[in-house]
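Fold and contact review
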Amino acid sequence: MQVSYNFDEVVDRRDTGSLKWHYSDDTIPLWVADMDFKAAPPILNAIEQAVQHGILGYTKPTKALYDAIINWHGSRYDLALNQENILFSPGVVPSLALMMNVFTDIGDAVLVNAPIYTPFMSKVEQNGRTLITSSLQESEDKYRLNLVDIEAKIIEHNVKLYLLCNPHNPGGRVWTPDELNALLTICKKHDVAIVSDEIHQDLTLSGHTFTPFLTLAAGYEHKVVSLTSMTKTFNIAGIKGSMIFAKDAALIQKISQQQQLNDEYELNLFAYTAMRSAYSEGSEWLSQALEYIEGNINLTMQYFAEHLPKIKVMRPEASYLIWLDCAAYSQDDQQLYNALRAARVELNAGIKYGEEGHSKMRLNVACPRAVLVEGLNRIHHAFSTI
Ligand SMILES: Cc1ncc(COP(=O)(O)O)c(C=O)c1O
């Protein structure tokens, strides 16, 4: 029997240690990337069973876990993995930082496309590498890679590592095989390693097809790693836990050795339990969640067209984050942020994603529709005060 999940349910997240809901007033948080939906019941049941069992000891990945990961990625994305291709990590961001030591030395140049999810920039700089950015170009309401600029920067700065975000946060692009192959050709030509953060992969929306970078990397697998997780997909980000995929045995060994240095290769019991259950029993919840999210995206697009047509809205191809260009209202990033906060709604300031995010805001629409509508009304009010 098909179960129908209720994404309209409003769950009070205050005083739960939630990063998103940290306010002492009734502010609506439409910022950090987690969803205000309860996680899939099969995952919650699996965690409950682990608690009921009563012993929460150390974990070791089992064949059942590997099989669940391998089947999910093989059946959805044609990504052929075996157990030896998979390592575990506490998170995708910790893995991004780890990759600095796998592929580069202190001072080496690392390239990212801005605007970009903030840790892509901060982890490079905090780890003593040189951050090089190539601005994405906007055409037909989408971001595009500037391949000429990317190659020129690689040559000019002797770039050693390229950090790709696919699907892209904050722009929502799902890069096409043509775009990815063009990037691969450039990186191969200049011997640049590629780390692809694919954490938003499962949130690809209708009409778009996600391509794992590793499916294109034959012949260059010693220089390609992908990072992903079940946490974004199934709204269990607080659990922490992720995967590292690489298809070259020597590369996997090198990554594993780096992980041993800080003993950062184990999954906590809840991450193990959630990951296994998510990839074996979560697909129905995910397809219903995506349908709901798509409904929220449509509603938001219509709302802006009707009430705030001067804001340019970038429709995402994946995930629930909508990139808003508010330049028609203000060139002052702090003023934009403050006006929204004064209207008791919080969005991410685009400027945090690089200079390219000037006058932009990032809106998270993964919440019950009633909450979204109230949030949009507050955004509307905020812009009437600027
Ligand atoms: C592109 C991207 N990578 C990584 C993360 C966070 O990953 P983790 O919580 O596994 O460190 C996010 C969260 O929003 C993200 O958008």
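Conventions and cut-offs
- By convention here, each chain's residues receive numbers from 1 onward along its written sequence.
- Only residues with pLDDT of 70 or above have their local features reported here, since the model is predicted, and side-chain atom pairs are shown and tallied only from 80 upward, although totals for entire chains, interfaces and linings are computed over all residues.
- The side-chain quantities take in all heavy atoms of the structure and omit both hydrogens and water.
- Only DSSP runs of H or I with at least four residues qualify as helices, and only runs of E with at least two residues qualify as strands; both kinds are numbered from the N terminus onward.
- For the radius of gyration, the atoms used are the C-alpha atoms, and the globule rule reads 2.2 Å times the number of residues raised to 0.38.
- With a 1.4 Å probe rolled over the protein chains alone, any residue whose accessible area is under 20% of its type maximum counts as buried; one over 50% counts as exposed, and the rest are partly exposed.
- A contact between two residues is defined here by any heavy atoms of the two lying within 4.5 Å.
- Here, Shrake-Rupley sampling with a 1.4 Å probe gives the accessible areas, and only protein chains in the shown set may cover a residue.
- Buried Ala, Val, Leu, Ile, Met, Phe, Trp, Tyr and Cys residues form a nonpolar core when they are joined through side-chain atoms within 4.5 Å.
- Strand pairing is defined by DSSP finding a minimum of two bridges between the two strands.
- For each residue, the test is whether any non-hydrogen atom lies within 4 Å of the molecule or strand; if one does, the residue is near.
- Pairing of N or O atoms within 3.5 Å defines a polar contact, subject to two protein rules: one partner must be a possible hydrogen donor and the other a possible acceptor, and residues neighboring in sequence count only if both atoms are side-chain atoms.
- A pocket here means an open set of points on a 1 Å grid, computed over the protein atoms alone, that has protein on both sides within 12 Å along at least five of seven lines. A cavity is instead a set of points where a 1.4 Å probe fits but cannot get out; residues with an atom within 4 Å of a point line either one.
- Just a note on the criterion: a molecule sits in a pocket or cavity if more than half of its atoms are within 2 Å of the grid points.
- Just so you know the grouping, Ala, Val, Leu, Ile, Met, Phe, Trp, Tyr, Cys and Pro go in nonpolar, Asp, Glu, Lys and Arg go in charged, and all remaining residues, Gly too, go in polar.
- If you view a crossover with the strands going away from you and the path from the first strand over the helix to the second runs clockwise, you call it right-handed.
- Stacked, tilted and edge-to-face are the three classes applied to pairs of Phe, Tyr and Trp rings, where Trp contributes its six-membered ring and a pair requires centres within 6.5 Å; stacked means planes under 30 degrees apart, edge-to-face means over 60, and tilted covers the rest.
- Residue ranges assigned to each domain were obtained from an automatic or database domain assignment.
- Defined in terms of a 1.4 Å probe, buried area is the accessible area two parts forfeit on being brought together, summed over both.
- For this analysis, a salt bridge means a side-chain nitrogen from Lys or Arg found within 4 Å of a carboxyl oxygen belonging to Asp or Glu.
- Grid points are joined across faces, edges and corners, and a volume is the space filled by probe spheres set on the points.

**Re the overall build of the chain**
Along its length, the chain carries 11 helices and 15 strands. The globule rule puts the C-alpha radius of gyration for 386 residues at 21 Å, and the 21 Å found for the chain is close to it. Along the first, second and third principal axes, the C-alpha set of the chain runs to 60 × 60 × 35 Å. The buried share of the chain, taken over its 386 residues, is 56%. Taking as baseline every contact in the chain between residues at least 6 positions apart, the subset at least 24 positions apart corresponds to 74%. Surface summary for the chain: the accessible area is close to 16300 Å², and the carbon and sulfur share equals 49%.

**Digging into the nonpolar core**
Counting residues in hydrophobic clusters, the biggest one holds 100 residues, and the most contacted among them are Tyr162, Phe234, Trp285, Leu363 and Ile379. Of the residues forming this core, the biggest block, nine residues, is contributed by helix α9 (residues 283–307). Contact partners of Phe234, with chain neighbours within four places excluded, come to Ala39, Ile43, Trp72, Ala278, Tyr279, Gly282, Trp285 and Leu286. Core analysis: the next-biggest nonpolar cluster, separate from the first, contains 27 residues, Leu98, Val124, Val195 and Val225 among them.

**Describing the sheet that holds strand β15 (residues 360–364)**
Taken in spatial order, the four strands of this open sheet run β11-β12-β15-β14, and their pairing is antiparallel. With one partner strand each, in any of the chains shown, β11 (312–314) and β14 (348–349) form the two edges of the open sheet. Relative to β15, strand β12 (residues 321–325) is paired through five bridges, and the arrangement is antiparallel. Following the sheet pairing, Leu321 is matched in β15 by Asn364.

**Concerning the site of the ligand**
Surrounding the ligand, one finds 13 residues, the nearest of these being Val92, Asn169, Asp197, His200 and Lys232. In this structure, Val92 approaches the ligand through a main-chain N or O atom, which is 2.7 Å from an oxygen atom. Residue Asp197 places a side-chain N or O atom 2.5 Å away from a nitrogen atom belonging to the ligand. Contact with the protein chains hides 93% of the accessible area of the ligand, taken as 400 Å² for the molecule alone. Here the ligand is seated within the largest pocket. The element that contributes the greatest number of residues to the shell around the ligand is helix α3 (residues 92–103), accounting for three residues. Taken together, the residues that form the shell around the ligand break down as seven nonpolar, three polar and three charged.

**Remarks on the pairing of strand β7 (residues 159–165)**
Each regular strand shows side chains that alternate between the opposite faces of the sheet. Most of β7 is tucked away: six of the seven residues are buried. The pairing of β7 with strand β8 (residues 193–197) spans five bridges and is classified as parallel. For Leu163, the partnering residue across the bridge sits in β8 and is Val195. Once you follow β7 into helix α6 (residues 177–189) and on to β8, the crossover reads as right-handed.

**Notes on the environment of Asp8**
Structurally, Asp8 can be placed in the segment before β1 (28–29). Here the alpha-carbon distance between Asp8 and Lys310, two residues 302 residues apart in the chain, equals 30 Å. When sequence neighbours within four positions are dropped, the list of residues in contact with Asp8 reads Tyr292, Pro368 and Arg369.

**Digging into the packing of aromatic side chains**
Summed over the entire model, instances satisfying the criterion amount to 14 aromatic pairs. With a centroid separation of 5.1 Å and an interplanar angle of 45°, the aromatic rings of Trp72 and Tyr279 are classed as tilted. A residue pair is termed long-range when its members are at least 10 positions apart, and Trp72 in helix α2 (residues 63–77) and Tyr279 in helix α8 (residues 269–281) qualify at 207 residues. For Trp72, a relative accessible area of 4% gives the class buried. Judged by its relative accessible area of 5%, Tyr279 falls in the buried class. Residues Tyr77 and Phe210 carry aromatic rings whose centres are separated by 5.0 Å and whose planes lie at 85° to one another, so their mutual orientation is edge-to-face. Here Tyr77, found in helix α2, pairs with Phe210, found in the loop between β8 and β9 (224–228); they are 133 residues apart in sequence, far enough to count as distant.

**Comments concerning the domain arrangement of the chain**
Per the domain assignment, the segments of the chain are domain 1 (28–41 + 283–384) and domain 2 (57–281). Each of domain 1 and domain 2 has a C-alpha centre, and the two are 25 Å apart. Counting residues at the interface gives 29 residues for domain 1 and 34 residues for domain 2. Across the interface of domain 1 and domain 2, roughly 2800 Å² is buried in total on both sides, 56% from carbon and sulfur atoms. Where domain 1 meets domain 2, there are three salt bridges. Residue Glu317 is joined to Lys142 by a salt bridge in which the shortest nitrogen-to-oxygen separation is 2.6 Å. One can count 18 residue pairs in polar contact (both at pLDDT 80 or more) joining domain 1 with domain 2. Of all elements in the fold, only α9, β11, β12 and β15 reach the threshold of two or more residues within the side of domain 1 that touches domain 2. It is α9 that contributes the most residues to the side of domain 1 that touches domain 2, seven residues altogether. A breakdown of the residues in the side of domain 1 that touches domain 2 according to their chemical character gives 16 nonpolar, four polar and nine charged.

**Let's talk about empty space enclosed by the protein**
Scanning all chains against the criterion turns up one cavity of 30 Å³ or more. There is about 40 Å³ of room inside the largest cavity. Taken together, His168, Asn169, Pro170, Gly171, Gly172, His200, Ala318, Ser319 and Leu321 form the lining of the largest cavity.

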